[in-house]
Amino acid sequence: MKGKVIFFLIGWLLLVMPEFLRIYLIMPFPGSQEADMVTVAYFFDSNIYVFRIAGLFILAVPFYHLLFFSRWFLKTGALFLLAIAVAIYYLATRKMQADVMFLEVKHKIMSTEENNKVNRHQLVIGVTSNDEASCFPVEIIAYHHKVLDTVGGIPILVTYCSVCRSGRVYSPVVNGNLQKFRLVGMDQFNAMLEDSASRTWWRQENGEAVAGPLKGMHLTEIPSQQMTLQAWLTEHPATTIMQADPDFIKEYASLEGFGEGSISNNLEGTSHASWQSKSWVIGIVSGQQARAYDWIGLKSELLINDTLDNTPLLIAIERDMMSFHVWDRRVDGQTLEFIKKDSSNFFYDLATGSAWNYSGVCIAGTLTGNRLKNISAYQEFWHSWRTFHPGTTRYEIH
């Protein structure tokens, strides 16, 4: 009977441990996100049916003997352990799967300004392509984590990780084929997506394939901007705006205030001091260099003139204290320096005194008609930026 017990326990462990680990290692449980275990998690997830079949095969005969030919305490123990295995299987496949906890959009509604119901003070992720513009409210995407759409005839994958506060837009075309993606879990507290064809796992923050057949590849990023809906409408009045899916009103309500940083929980809450784990930063990559700019400092300065990897930058925040922009401050080969000298919705270059608006366009002065070039930049939590850009520098306000 001792041998039967040993084989039962071996089969039970083959059923339980892979099921537990494939969820634990890619969900925000205590200690699960600190180590780089995504390859291990992928191994268990990819081979879970092998473990299930092997476990049941090894467990079946000894369980039969324990159930019908053993003493009562062995019989009770076997039934108890089997109940635990069933419960873990149920939790792992029905309750703790990321795409079960955060469901797909069921009714994707894109409206013009005339029919819009989204508050104009909400943050959006905006995308333009072929003279068309669309935007996606952060508090909607933060629940679903991603949505597929088309802008100007170009397919896009809009993504957002609320635990990193990172919004990115990618092309969903992989090796020439349009892919569907599902939310699979987290890696280093960042959302991971799985494509439908190769079942590769992709990191949301930088589009890197971190596990699976396409490991090492990167999704092609599509330029996007984050600002309030009002600011986006000022630049793109003909934009379409993603509306709340009526099937998820309760879920969106749980993220109310996330955009403004007023939500309070351990994973998505905001620190209101500089350079803390949950402090907001603006992250920029230029060439081989990355730099973070403290959000509180930017709100104090309003404009920051800087240079990163030989690219002169202008980082600006609008009067709403939510919409930000980053531009290359070179115009016709001349590097300009900018100041904010009044409370108007304009700023000025020192060289000519010309006035510029927050679309990056010169609207008065000798440089009228010139436009600053947008530079990709991201607002996210400091813990996320420093994790995925380990060589980043910090801009210090003087």
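Note: the structure precedes this text.
Everything quoted here is computed from the prediction, not taken from an experiment. Positions within a chain are numbered from 1, following the residues in the order the chain's sequence is written. Reporting in this predicted model follows two pLDDT cut-offs: at least 70 for local features of residues, and 80 or more for side-chain atom pairs to be given and counted; totals over whole chains, interfaces and linings ignore these cut-offs and use all residues. Computation of side-chain values covers all heavy atoms of the structure but excludes hydrogens and water.

## A short note on the sheet that holds strand β19 (residues 324-328)
Here 4 strands make up an open sheet; going across it, the order is β17-β18-β19-β26 and the pairing antiparallel. With partners counted over all chains shown, the strands left at the sheet margins are β17 (303-308) and β26 (373-374), one partner each. Each pair of strands is called paired provided DSSP finds at least two bridges between the two strands. Runs of E in the DSSP output that reach at least two residues are strands. Runs of H or I that reach at least four are helices, and both are numbered from the N terminus. Strand direction decides the pairing type here: β17 and strand β18 (residues 311-317), joined by 6 bridges, are antiparallel. Counted as the bridge partner of D306 is L313 from β18.

## Considerations on the nonpolar core
Burial of nonpolar side chains together is a common tendency in soluble globular proteins. Nonpolar cores are built from buried Ala, Val, Leu, Ile, Met, Phe, Trp, Tyr and Cys residues. Side-chain atoms within 4.5 Å join them into one set. Summary of the burial criterion: residues with accessible area below 20% of their type's maximum are buried, those above 50% are exposed, and those between are partly exposed, where the area comes from a 1.4 Å probe applied to protein chains only. Ranked by size, the top nonpolar core spans 24 residues in total, and within it F136, I141, V147, I156, V158, V169 and M242 carry the most contacts. Put simply, the parts of the chain that give this core at least two residues each are β2 (123-129), α6 (138-144), β4 (146-151) and β5 (154-161). Top contributing element to this core by residue count: α6, with 5 residues. Residues are treated as being in contact if the distance between any of their heavy atoms lies within 4.5 Å. Setting aside chain neighbours within four positions, we find M242 in contact with V105, K108, I109, M110, V118, C135, F136, P137, I140, I141 and V147.

## Brief notes about helix α4 (residues 72-95)
Given the number of residues in a helix, its expected span is that number minus one, multiplied by 1.5 Å. Its 24 residues place the ends of α4 33 Å apart at the C-alpha level, agreeing with the 34 Å of an ideal helix rising 1.5 Å per residue. For α4, the full list of buried residues reads A78, A85, A92 and T93.

## So, the side chain of S162
Following the sequence through the fold, S162 ends up in the loop between β5 and β6 (166-170). We call two N or O atoms a polar contact when they sit within 3.5 Å, provided that within protein one can donate a hydrogen and the other can accept it, with sequence-adjacent residues counted only if both atoms are side-chain atoms. A distance of 2.5 Å separates polar atoms of two side chains, one belonging to S162 and the other to E268. If sequence neighbours within four positions are ignored, S162 has contacts with A142, F258, L267, E268 and F381.

## Here we look at the environment of T366
Along the chain, T366 turns up in the loop between β25 (362-364) and β26. Residues T366 and D247, 119 residues apart in the sequence, show an inter-C-alpha distance of 53 Å. Aside from chain neighbours lying at most four places away, what touches T366 is T352 and S354.

## Some words on the side chain of R52
Take R52: it is sitting in helix α3 (residues 48-69). Those residues in contact with R52, other than ones at most four positions away along the chain, are L15, E19, R22, Y89 and T93.

## Thoughts on the packing of aromatic side chains
Think of a pair of aromatic rings as described by two things: how far the centres are apart, and how the planes are tilted against each other in angle. Ring pairs are drawn from Phe, Tyr and Trp, using the six-membered ring of Trp, whenever the two centres fall within 6.5 Å, and their geometry is named by plane angle: stacked under 30 degrees, edge-to-face over 60, tilted for the rest. Tallying each qualifying case throughout the model produces 21 aromatic pairs. Their ring planes at 80 degrees and their centres at 6.0 Å tell us that F43 and F51 sit as a pair that is edge-to-face. Overall, the relative accessible area of 43% leaves F43 in the partly exposed class. Among the aromatic residues, those joined into a ring-pair cluster are W327, F338, F347, W356 and Y358. One Lys or Arg, R52, reaches over the ring of Y49 and ends 4.9 Å from the middle of that ring. Charge-over-ring contacts are defined here by two conditions on Lys NZ or Arg CZ: a distance within 6 Å of the ring centre and an angle within 35 degrees of the ring normal. Taking NZ or CZ as reference, R394 lies 4.4 Å from the ring centre of W275, over its face.

## Re the packing of helix α1 (residues 2-24) against α4
The geometry of a pair of packed helices is captured by two quantities: the angle between their axes and the separation between those axes. Structural elements are reduced to axes, namely lines fitted to C-alpha atoms, with helices fitted over the stretch in contact, and the angle between N-to-C directions of any two is expressed from 0 to 180 degrees. It is at 9 Å that the axes of α1 and α4 come closest, and there the two elements cross at 20 degrees. One way to sum up the angle between α1 and α4 is to call them roughly parallel. Remark: the crossing between α1 and α4 carries left-handed chirality. Here α1 contributes V5, F8, L9, W12, V16, E19, F20, R22 and I23 to the contact with α4, which in turn contributes L74, A78, L81, L82, I84, A85, I88, Y89, A92 and T93. For the contact of α1 with α4, the per-class residue count stands at 16 nonpolar, 1 polar and 2 charged. With respect to orientation, any angle under 35 degrees is reported as roughly parallel, any angle over 145 as roughly antiparallel, any angle of 65 to 115 as roughly perpendicular, and every other angle as oblique. With the far helix as reference, a near helix turned anticlockwise by less than a right angle produces a left-handed crossing, and one turned clockwise produces a right-handed crossing. In the scheme used here, Gly and all other residues not listed as nonpolar or charged are polar, with Ala, Val, Leu, Ile, Met, Phe, Trp, Tyr, Cys and Pro taken as nonpolar and Asp, Glu, Lys and Arg as charged.

## Quick notes on a nonpolar patch on the surface
Patch criteria: residues need more than 30% relative accessible area and no salt bridge. Like-charged residues are merged within 9 Å; nonpolar side chains of Val, Leu, Ile, Met, Phe, Trp and Tyr are merged within 5 Å. Accessibility throughout is a Shrake-Rupley quantity obtained with a 1.4 Å probe, and a residue counts as covered only by protein chains that appear here. Salt bridge, as used here: a side-chain nitrogen of Lys or Arg that lies within 4 Å of a carboxyl oxygen of Asp or Glu. There is a patch of nonpolar side chains on the surface, built from I6, F7 and I10 and spanning about 280 Å² of accessible area. Assignment of secondary structure puts I10 in helix α1.

## Quick word on the pattern of salt bridges
By the definition in use, this model includes 17 salt bridges. Among the salt bridges present, the one from E19 reaches R52, with a minimum N-O distance of 2.8 Å. Taken as a pair, E19 in helix α1 and R52 in helix α3 lie far apart in primary sequence, 33 residues in all. Residue classification places E19 among the buried positions, given a relative accessible area of 2%.

## Here we look at the pairing of β19
The two faces of a sheet get side chains in turn, since along a regular strand they alternate between them. Counting buried positions along β19 yields 5 of 5 residues, so the element is predominantly enclosed. Neither face of β19 is open: one carries F324, V326 and D328, the other H325 and W327, and all of them are buried. Where β18 and β19 come together, 5 bridges link them in antiparallel fashion. Its bridge partner being in β19, I315 is matched across the sheet by V326.

## Re unusual backbone geometry
Positive phi, close to 50 degrees, is recorded for N130, a residue that is not glycine. The topology assignment puts N130 in the loop between β2 and β3 (132-137). N130 gets classed as exposed once you look at its relative accessible area, which sits at 56%. Phi at D332 takes a positive value of approximately 50 degrees, unusual for a residue other than glycine. Tracing the backbone shows D332 in the loop between β20 (330-331) and β21 (334-335).

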